Amino acid sequence: MSEREPRLTPRWLNTAVLLISAVGIAYQIVLMRVFSIAQWHHFASMIISIAMLGFGASGAALALLKTPLKGREAGALRFSAALLTVSLVACYALSQRVPFETYQLVSQPNQIWNLLALYVVLAVPFFLISTCITIAFFLAPGNVARVYFFSMAGSGLGALGVVGLLYLAHPVRGPYILAGVSGLALALLTLDARRRSSLAGAALLLIAMAAGVTRPAPVRVSEYKGLSYAKQLPDAKILGEWHSPMSVITAVSSEQIRETPGQISNYPMAQLGELPEQVALYFDAGAASPVNRFTGDLDPFAYLDYVTSALPYRLVEAPKTLVIGPGGGTNVLGALYHGAGRVVAVEVDPRVFDVVQTQLGDFAGGLYDRPDVTPVIGEGRGFLQSSEETYDLIQIPSLGSFTASTAGVQALSESYFYTVEAVRLQLSRLTPDGVLAITVWLKTPARDALKMVATVVEACEQSGIEEPGNHLAFIRSWNNATIVVSRAPMSANRVEAVRAFCRDRMFDLCYCPGIRPEEANRYTLLDEPVYYAFTEGVLDPTRRESVYRDSLFYVRPATDDRPHFFRFLKWSALPRLIRDLGAEWIPFVEWGYLTLVATILQGLLASAVFILLPLIVLARGPSRSGAKRWVFVYFAALGLAYMALEMGFIQRVMLFLAYPVYSVAVVLTSFLFFSGLGSLFASRCKPGATAPVGWAVLAIALLTAAYAAFLPGAFKAWAGWSDAVKIIASVFLLSPLAFAMGIPFPMGLQRVSDDHPALLPWAWGINGCASVTGATLATLVTVHLGFRVLFLLAVLTYTAAFLAIRRLGAGDSHT
């Protein structure tokens, strides 16, 4: 540091690093919420990949600029913090002007460039965050592990704090509030400068927060989402908007809004009347759940007997009914109309009941206040696991919106309620004569309903039902299907009731016990009776594998190990898909999945341009080829392995915590904070030692194997706990693994700092480069191979890192 350079005390430096690191993680989670609103999915892997791109590019840039920065580090840190404060707001606002549409990713090639533009624009704040932290390493060369601890601890606190922030503020205000926190860090960095620049930090803080309070840049919602369509109605009126970490709920009224749970078939409107007035609740601008005008009279809801989901009420009388995901209450009204004695409505979003009962209370007529309706806040699977209560009917409405389903944008969405294990649980909560009814949207060519039938059949077999075909009924309309499975074999009366319902309502019978081929495909005609043929094939254990293998899409049942129910693309069948459909194959591909592939490719491209290219230029400097080789292997392996476990546990813990934002926050908090503690432990180890890394890798391997075996049972046993207790339990469980994962990276950094200081930013950049692709590759592995394979690959990669640092140490002895 030069004599003119103002001094930075460790206290203010460490506090600033903590705040800036907290901003970095919180900004990632805010962007995930923004993407959920804009594009159907949180794209957590892509956001984390973008962050790692910024981190890696920063390391490469600082490697090139290390000599010009020498002696000016404190000033560069303050300047970077000032730019960060501005960029948090500016880059968010600019990203909302990029016309990216997931649905057009293949049909319009320019969308690739829009996605790349988002990638680069949103990487800028993370570039500056990493720059601040790396310069802090320069300013504390003998105490890298301590600075690293404050960085990791700040990241953990940021992940935890942003959940509280999202309860208090809409996601669009998040970037502005975080800019205020960054401005506070800038003010702390200027306290020792004895300049008026501290006033600049305070001014930036106030300006950023004031901008967030007044006019934050709105989220650019996809034109294909339900709220975008609703706003185009001539008399559309937004009645209110409510937010939480789970979703943003928007209530819209219009005379033209008439949402129904699937096609209404053969409904005599002249005799039974028009559909009641509705207010549509849009969740994250996507799926709509209607709130019906209700005065206590159930007659206006006769139309709910003309949808496929009404079938189970022909099989059970006055059932005690469990409705999963009731939303605005349409399916609750359907149960009451059909004479349900009691309705238990389990809703995952806690704001829904408040909106329906309080904000729209007069309109909804106190639906959830009725004595025969019991509203329960909770995740459906967790609720079933926490209670032994049984039901005559468990009703599972269609997941998501019809638009999202047909667009295939949910391909990356984890759905633990549509797995074999989940259906087994649902069946176990039925009374001896009870029925389970699952309704799904249909796509063409057939996919969703086929996969659901396969899931139900395999769940029945694993539940001890030897002849699933005797327990199954399957009907469809043109846009949705209902699958009913009975705990007991279907009697002749029930089978006849299924046939009569299809005749009266003009629904197509896809399967029931004793079905004849000519009974299928009567009303909404298809070229072939594909639903009937598939069900017959899956019910025959000798043909099942060939049916799965020959299908045009991936229709094997989802499991807890591979919970991506909406992933249907099968690469081996792509040539046949193109051959059979010609140019029309494009609309039938899952865009969410292709977005992941595109993200991986552009992440590799961006990493090559912004990280690898500068490092290649750097490599022309003084020769340290042996050290560079092992530094590359070591830090690349750590980046890939850390991201693999982090992304894997984010998806795995989602089964336990239900809410994506909770899972992301808890896993990031646990991994980052306890990894920081691991770094403190590493700082006390003997310089140059590799044994702690070996012990850490062994601990990672053993803990990962233990979690793979132990967590499913633990999550099942603890499902009934409150959210707060679940969060504490998750942090406690993950802390030992995170502690071990925090040891290898700072020990490697310290070794490079001691022996090869010019390679310190190079190591940081390589780690970031590997992390860019590691985050998205981890998601791709879980989609195709499952969590067990992902965890095994992560352990093997950590082992490779251990071998690399031993070679790095061996190489040092020759220099």
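Residues numbered from 1 in each chain as written. Predicted model: local features only at pLDDT ≥ 70, side-chain atom pairs only at ≥ 80, totals over all residues. Heavy atoms only, no water.

**Student:** I'd like to hear about the overall build of the chain, residue by residue, with values.
**Tutor:** Secondary structure assignment for the chain yields 28 helices and 12 strands. Relative to its full complement of 815 residues, the chain shows a buried share of 62%. A fraction of 77% describes how many contacts in the chain between residues 6 or more apart in sequence connect residues 24 or more apart. If you sum the accessible surface of the chain, you get close to 30,300 Å²; carbon and sulfur atoms cover 60% of it. (Helix = DSSP H or I, 4+ residues; strand = E, 2+ residues; numbered from the N terminus. Buried < 20%, exposed > 50% of the residue type's maximum accessible area, 1.4 Å probe, protein only. Contact = heavy atoms within 4.5 Å. Areas by Shrake-Rupley, 256 points an atom, 1.4 Å probe, with all protein chains shown as cover.)

**Student:** Report on helix 26 (residues 744-755), specifying residues and quantitative values.
**Tutor:** The end-to-end C-alpha distance of helix 26 is 16 Å, a good match for the 16 Å that 12 residues give at a rise of 1.5 Å each. For helix 26, the complete set of buried residues consists of Pro744, Phe745, Pro746, Met747, Gly748, Leu749, Arg751, Val752 and Ser753. (Expected span 1.5 Å × (residues − 1).)

**Student:** Account for the environment of Leu322, naming residues and giving values.
**Tutor:** If you trace the backbone, Leu322 turns up in strand 5 (residues 320-324). For Leu322, a relative accessible area of 0% puts it in the buried group. Distance in space between the C-alpha atoms of Leu322 and Val332 is 9.1 Å, their sequence separation being 10 residues. Those residues in contact with Leu322, other than ones at most four positions away along the chain, are Val344, Val346, Phe383, Leu384, Tyr391, Leu393, Ile394 and Gln395.

**Student:** Describe the packing of aromatic side chains, and please don't skip the residues or the numbers.
**Tutor:** Two measures describe an aromatic ring pair: the distance that separates the ring centres and the angle between the ring planes. In total, this model carries 22 aromatic pairs according to the counting rule given. Residues Tyr92 and Tyr176 carry aromatic rings whose centres are separated by 6.4 Å and whose planes lie at 80 degrees to one another, so their mutual orientation is edge-to-face. Note that Tyr92 is positioned in helix 3 (residues 73-95) and Tyr176 in helix 6 (residues 174-189), a separation of 84 residues in sequence. Note on Phe649 and Tyr707: the rings are 5.8 Å apart at their centroids and 85 degrees apart in plane angle, and the pair reads as edge-to-face. Of this pair, Phe649 sits in helix 22 (residues 625-657) while Tyr707 is found in helix 24 (residues 691-717), placing the two residues 58 residues apart along the sequence. Assigned by exposure class, Phe649 and Tyr707 land together as buried. (Phe/Tyr/Trp six-rings, centres within 6.5 Å; stacked < 30°, edge-to-face > 60°.)

**Student:** Tell me about the sheet that holds strand 11 (residues 480-486), and please be specific about residues and values.
**Tutor:** Spatially, the eight strands line up as an open sheet ordered 7-6-5-8-9-11-10-12, and their pairing is mixed. Unpaired on one side and paired on the other, strand 7 (373-377) and strand 12 (508-511) mark the two borders of the sheet. Here the average twist between neighbouring strands, direction ignored, is 20 degrees. Across the sheet, helix 11 (residues 350-359) touches strand 6 (342-347) and strand 7, and the angle it forms with strand 7 is around 140 degrees. (Pairing = 2+ DSSP bridges. Axes fitted to C-alpha atoms, helices over the stretch in contact; angles between N-to-C directions.)

**Student:** So what's going on with the sheet that holds strand 3 (residues 278-283)? Which residues, and what values?
**Tutor:** An order of 1-2-3-4 is seen for the four strands of this open sheet, with the pairing classed as antiparallel. Looking at strand neighbours, the two that pair on one side only are strand 1 (237-243) and strand 4 (288-292), the edges of this open sheet. Across the sheet, the mean angle separating the axes of adjacent strands is 25 degrees when strand polarity is ignored. Across six bridges, strand 1 lies against strand 2 (residues 248-253) in antiparallel orientation. Bridging across to strand 2, Glu241 finds its partner in Thr250. The sheet contacts of helix 11 involve strand 1, strand 2, strand 3 and strand 4, and relative to strand 1 the element is tilted by about 140 degrees.

**Student:** Can you explain the packing of helix 1 (residues 10-39) against helix 3? Please cite residues and give values.
**Tutor:** Between helix 1 and helix 3, the least distance of the axes is 12 Å, while the angle of their chain directions is 15 degrees. Accordingly, the angle class assigned to the pair helix 1 and helix 3 is roughly parallel. Considering how the two elements wind past one another, helix 1 and helix 3 form a crossing that is left-handed. Contacts between helix 1 and helix 3 involve Leu13, Ile20, Val23, Tyr27 and Val34 from the first element and Leu77, Leu84, Ser87, Leu88, Cys91 and Tyr92 from the second. Along the lines of polarity and charge, the residues of the contact of helix 1 with helix 3 split into 10 nonpolar, one polar and no charged. (Parallel < 35°, antiparallel > 145°, perpendicular 65-115°, else oblique. Left-handed = near helix turned anticlockwise from the far one by under 90°. Nonpolar A, V, L, I, M, F, W, Y, C, P; charged D, E, K, R; others polar.)

**Student:** How would you sum up the confidence of the model for the chain? Please name residues and give values.
**Tutor:** Parts of the model with low pLDDT should not have their predicted coordinates read in detail. A residue-level look at the chain finds 87% of positions with pLDDT of 70 or above and a mean pLDDT of 84. The secondary-structure element of the chain with the lowest mean pLDDT is helix 14 (residues 402-407), recorded at 37, while strand 10 (residues 472-476) shows the highest, at 97. Under a pLDDT of 50 for its full length, residues 1-5 has, in the predicted model, 11 contacts with residues more than four places off or in other chains. The low-confidence segment residues 401-411 (pLDDT under 50) makes 38 contacts with residues lying over four places distant or belonging to another chain. (pLDDT = per-residue confidence, 0-100.)

**Student:** Mind laying out the nonpolar core, listing which residues take part and the relevant values?
**Tutor:** In this structure, Ile29, Phe635, Leu645, Phe649, Phe671 and Tyr798 are the most contacted members of the largest nonpolar core, which totals 166 residues. Examining the composition of this core, we find that 20 residues originate from one element, helix 22, more than from any other. Beyond its immediate sequence surroundings of up to four residues, Ile29 is in contact with Ala159, Val162, Leu166, Val661, Val664, Ala665 and Leu668. (Core = buried A, V, L, I, M, F, W, Y, C linked by side-chain atoms within 4.5 Å.)

**Student:** Describe helix 10 (residues 330-337), with residues and values.
**Tutor:** Among the eight residues that make up helix 10, seven are buried, leaving the element largely enclosed by the rest of the structure. Within helix 10, burial applies to Thr330, Asn331, Val332, Leu333, Gly334, Ala335 and Leu336. Where helix 10 is buried, its residues touch strand 4, strand 5, strand 6 and strand 7. Among the residues trailing helix 10, Gly339 stands out with phi positive, at a value near 85 degrees.

**Student:** Tell me about the environment of Tyr511, residues and numbers included.
**Tutor:** In this fold, Tyr511 is placed in strand 12. Taking the relative accessible area as the measure of exposure, Tyr511 reaches 8% and is therefore buried. The spatial distance from the C-alpha of Tyr511 to the C-alpha of Ile475 is 6.9 Å, given a sequence separation of 36 residues. With sequence-adjacent residues up to four places away left out, Tyr511 is seen in contact with Gly469, Leu472, Ala473, Phe474, Thr535, Glu536 and Leu539.

**Student:** Quick rundown of a nonpolar patch on the surface? Include the residues and the values.
**Tutor:** On the surface, Val120, Leu605, Val609 and Phe610 cluster together to form a nonpolar patch covering roughly 300 Å² of accessible area. Take the nonpolar patch: its biggest share by element is three residues, from helix 21 (residues 591-618). Counting through the fold element by element, Val120 comes out in helix 4 (residues 110-139). Residue Val120 is classed as partly exposed on the basis of its relative accessible area of 31%. (Patch = residues over 30% accessible without salt bridge, like charges linked within 9 Å, V, L, I, M, F, W, Y side chains within 5 Å. Salt bridge = Lys/Arg side-chain N within 4 Å of Asp/Glu carboxyl O.)

**Student:** Can you tell me about the packing of helix 1 against helix 6, naming the residues and giving the values?
**Tutor:** Two numbers describe how helix 1 lies on helix 6: the axes approach to 9 Å, and their chain directions differ by 170 degrees. Compared by their axis directions, helix 1 and helix 6 come out roughly antiparallel. Judged by residue contacts, Trp12, Leu13, Thr15, Ala16, Leu19, Ile20, Val23, Ala26, Tyr27 and Val30 of helix 1 engage Gly174, Pro175, Leu178, Val181, Ser182, Leu184, Ala185, Leu188 and Leu189 from helix 6.

**Student:** Please set out the pattern of salt bridges residue by residue, giving values where relevant.
**Tutor:** Inspection of every chain in the model, using the stated rule, returns 20 salt bridges. In this structure, the salt-bridge partner of Arg314 is Asp305, at a minimum N-O distance of 3.0 Å. Look at Arg314 and you get partly exposed, because its relative accessible area is 31%. Given the relative accessible area of 10%, Asp305 is considered buried. Members of the salt-bridge network, linked through shared partners, are Arg499, Arg516, Glu518 and Glu519.

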